[in-house]
Every structure is written in structure tokens, then in C-alpha cells.
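Spelled out from the first residue to the last, the chains are:
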Amino acid sequence: MVKNDVQSHMNIFVFIFVLFLMGIIFGAVIVNSMNFVQKQDLFFYLKQFFEQQASSPGTGRALLWKDSVLYHVKYMLLLFLLGISVIGMPVITVLLFIKGLVLGFSVGFLVNQMGWYGLLISTVSIAPQNLIIIPVYLIAGSLALIFSLTLCKQLFIRRVHQPVMKGFIRYSGLFGALMAVLMVSSVIEVFISNSILELVLKWLYQ
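To start, this report covers the structure provided alongside it. (Residues numbered from 1 in each chain as written. Predicted model: local features only at pLDDT ≥ 70, side-chain atom pairs only at ≥ 80, totals over all residues. Heavy atoms only, no water.)

### Concerning the overall build of the chain
Right, so step 1: Looking only at helices and strands, one finds eight helices and zero strands in the chain.
Right, so step 2: Sequence-distant contacts, at least 24 apart, represent 85% of the contacts inside the chain between residues at least 6 apart.
Right, so step 3: With an accessible surface of roughly 12000 Å², the chain has 73% of that area assigned to carbon and sulfur atoms. (Helix = DSSP H or I, 4+ residues; strand = E, 2+ residues; numbered from the N terminus. Contact = heavy atoms within 4.5 Å. Areas by Shrake-Rupley, 256 points an atom, 1.4 Å probe, with all protein chains shown as cover.)

### Looking at the side chain of serine 122
Right, so step 1: Its place among the elements puts serine 122 in helix α6 (residues 116-125).
Right, so step 2: For serine 122, the side chain forms a polar contact with the main-chain oxygen of glycine 118, separated by 2.8 Å.
Right, so step 3: Residue contacts for serine 122: discarding those within four places in its chain leaves Val107, Leu110 and Ala127. (Polar contact = N/O pair within 3.5 Å; in protein donor to acceptor, adjacent residues only side chain to side chain.)

### Some thoughts on the nonpolar core
Right, so step 1: Residues Met76, Leu79, Ile121, Tyr137 and Phe175 are the most contacted members of the largest nonpolar core, which totals 45 residues.
Right, so step 2: Of all elements in the fold, only α2 (10-33), α3 (36-55), α4 (61-83), α5 (89-114), α6, α7 (127-156) and α8 (164-205) reach the threshold of two or more residues within this core.
Right, so step 3: For this core, the element with the highest residue contribution is α7, accounting for 13 residues.
Right, so step 4: Those residues within four positions of methionine 76 in sequence are excluded, and the remaining contacts are Val136, Tyr137, Ala140, Phe175, Leu178, Met179 and Leu182. (Core = buried A, V, L, I, M, F, W, Y, C linked by side-chain atoms within 4.5 Å. Buried < 20%, exposed > 50% of the residue type's maximum accessible area, 1.4 Å probe, protein only.)

### Focus on the packing of α2 against α5
Right, so step 1: One way to put it is that α2 packs onto α5 with a least axis distance of 6 Å and a crossing angle of 40°. The angle between α2 and α5 falls in the class oblique. You can see that α2 and α5 cross each other, and the crossing is right-handed.
Right, so step 2: Residue composition of the contact of α2 with α5, by class: 16 nonpolar, eight polar and one charged. (Axes fitted to C-alpha atoms, helices over the stretch in contact; angles between N-to-C directions. Parallel < 35°, antiparallel > 145°, perpendicular 65-115°, else oblique. Left-handed = near helix turned anticlockwise from the far one by under 90°. Nonpolar A, V, L, I, M, F, W, Y, C, P; charged D, E, K, R; others polar.)

### Some words on the packing of α4 against α8
Right, so step 1: Two elements in contact, α4 and α8, have axes separated by 9 Å at closest approach and are oriented at 150°. Considered as vectors, α4 and α8 are oriented roughly antiparallel to each other. Of the two possible hands of crossing, α4 and α8 adopt the one that is right-handed.
Right, so step 2: Broken down by class, the residue content of the contact of α4 with α8 amounts to 17 nonpolar, eight polar and three charged.

See the structure below:
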């Protein structure tokens with residue numbers, strides 16, 4: 001059943017993936033379009049943050065995990081609500097594009113300013129949890145877009161008659177499962193990625 005749904009809506013999954021990829025590329029382009037002063041100003045604050053992390057490691061793990069979970073819950077809830085609203089489709093695409101843009105800018109800026117060290121920091125601090133987060137958000141965005149399109153067909157094409165409540169229950173269940181997966185990513189982000197990042201920053205700044 002799920003396999004058939006994926007195959008029938010493959011164009012939407014591909015569209016969301018390409019959109020996210022474009023966001024990453026655009027984020028990297030923004031880094032290259034910044035002038036020297038802008039880069040130096042931003043890097044100054046980033047370096048201060050890194051030095052602070054290196055000098056006071058292991059602080060507030062529980063609070064960081066709570067903030068990470070809360071962020072994911074808010075973002076997923078927003079995607080979920082946009083999916084059940086007909087007017088939510090363009091907002092869903094914008095949110096996923098921005099998600100890619102932020103990722104592309106973050107990695108691009110670190111590599112641009114710090115070279116191999118920036119790549120190392122990106123690998124240990126951004127990559128581990130995002131191997132889970134990115135697929136989950138892309139799937140969630142695709143599901144929201146598919147459900148929103150289904151509602152549009154129900155409203156504007158009278159010949160289309162699908163059991164909306166059954167679809168909504170399945171839609172809610174899938175979002176719940178994706179949310180559970182994001183809980184795992186929060187654990188990786190706070191307790192694994194952060195710990196490795198602190199070791200790397202101590203090596204660089206102490």
C-alpha cells in the first residue's frame with residue numbers, strides 16, 4: 001500500500017528533493033557573494049562561540065535536548081497543519097527550500113572561512129544528526145504536499161471522491177512515526193555530535 005503510494009506520487013518526492021538541493025546550492029552561493037567585511041564580522045561571532053564551547057564543555061545537555069525536541073515538534077506541527085490546509089502548499093515548499101539554504105550556508109561558510117578545519121567541524125557537528133533529519137523533513141514535506149493536493153482535488157474536482165478521514169488518520173500516523181525518528185536525531189545531536197564537537201574545538205582552540 002505504502003509502496004504504491006510512493007510510486008504514484010514519486011514526482012512530488014523528486015520535486016521536494018530537487019527543491020531542497022537548490023536551497024543548499026543557493027546557500028553556498030550566498031556565502032561566495034558576501035564581501036570580506038561581512039564574512040569577517042560573522043566569523044568573529046562564530047569564533048567567539050567556538051571558543052566558549054571549548055572552554056565550558058558539557059553544559060546543559062538536558063536543556064539542549066529539550067530545545068532540540070521542541071524545535072522539531074514545532075517544525076513538524078507546522079508542516080502537518082500546512083498539509084491539512086489548501087493554502088499551505090506554497091509555504092511548505094518555501095520552508096523546505098529555506099531548510100536547504102540554511103544547511104548550504106552553514107557548511108559553505110565554515111569551509112570558506114576555515115578550510116579543512118571547517119569541513120571537519122561540519123562533519124562532526126552537522127552531518128550525524130542530519131543524516132536522519134534531512135530525509136525525515138523531506139518525507140514530511142512530501143506527505144504534507146500530497147495531502148494538501150488531495151484536499152484540493154476533493155474541493156475543486158467533483159469527480160474525485162476519496163475517504164478523507166481514512167487518509168487523515170494515516171497522514172497523522174506517518175507524521176507521528178517521523179516525529180519519533182526525530183527524537184533519535186535529537187539524542188544524536190546533543191549527546192554524540194556535541195560531545196565530538198567539543199573535543200574538536202578543544203583541540204583547535206586550547
